[in-house]
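Read off the chains here:
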Amino acid sequence: RKRYSILRRRWTIKNILLTISIAVATIISGCTKYENQNKYFSNKDQAAIAFFIENKSKIESLSSQQEMLGWVLHCNDKGYAYTNYVIGDLSNTVRPHEVDKGDCEVGEFLHSHPITNRITDYFSKADIQIAKWRGIYLFSTEGYYVRVHNGKKDRYGTIIANIRYK
């Protein structure tokens, strides 16, 4: 019996140490995915449009299972900025704490919808939930529209730009 309990105790301690080391590694490597690109605009719509224009060719190269993600930042006297992009899959967790915001506040979520065999140029139910919480921008290469949603509109939100030729 003693031998069993000693082995069991070692196994438990080993698992605890492994769990702690994995958690620490995750925290160290995954805290800040998004960083301010230090390009400033007079309003958040301009910042969102600039994000999608700058990254349009990358968005066009994504697979039907990928989305581009980013954030608008509210930077007091400097205006509005955007973060770098991160490539995600079709179901992404929105984590504002992953933004290295510096002196700015994290604002609206930016994301794209991929080209698929069905229409995706509208906000999903999950997108609308995010919109109620933070506001959300969407770009789809189907119509090349940039849309914004504040959680109070239909699934199409408001079109603020067409960037097909920009």
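Here the structure is a predicted model, which means the values were calculated and not measured. (Residues numbered from 1 in each chain as written. Predicted model: local features only at pLDDT ≥ 70, side-chain atom pairs only at ≥ 80, totals over all residues. Heavy atoms only, no water.)

Examining the layout of surface pockets
For the largest pocket, the calculated volume is near 330 Å³. Around the largest pocket sit 18 residues that line it, and Glu67, Leu90, His113, Ser124 and Asp127 are the ones nearest its centre. Counting only elements with at least two residues in the lining of the largest pocket, the list comes to strand E6 (105–113) and helix H4 (125–133). In terms of residue class, the lining of the largest pocket is built from 7 nonpolar, 8 polar and 3 charged. (1 Å grid on protein atoms, 1.4 Å probe; cavity = no way out; pocket = protein on both sides within 12 Å on 5 of 7 lines; lining within 4 Å. Points joined across faces, edges and corners; volume = space filled by probe spheres on them. Helix = DSSP H or I, 4+ residues; strand = E, 2+ residues; numbered from the N terminus. Nonpolar A, V, L, I, M, F, W, Y, C, P; charged D, E, K, R; others polar.)

Re the packing of aromatic side chains
The full count for this structure, using the stated rule, is 8 aromatic pairs. Between tyrosine 34 and tryptophan 71, the aromatic rings sit 6.4 Å apart at their centres with planes inclined by 90°, giving edge-to-face as the arrangement. Residue tyrosine 34 is found in strand E1 (residues 34–35), and its partner tryptophan 71 is found in strand E2 (residues 67–74); the two are separated by 37 residues along the sequence. When its relative accessible area of 3% is taken as the criterion, tyrosine 34 is described as buried. (Phe/Tyr/Trp six-rings, centres within 6.5 Å; stacked < 30°, edge-to-face > 60°. Buried < 20%, exposed > 50% of the residue type's maximum accessible area, 1.4 Å probe, protein only.)

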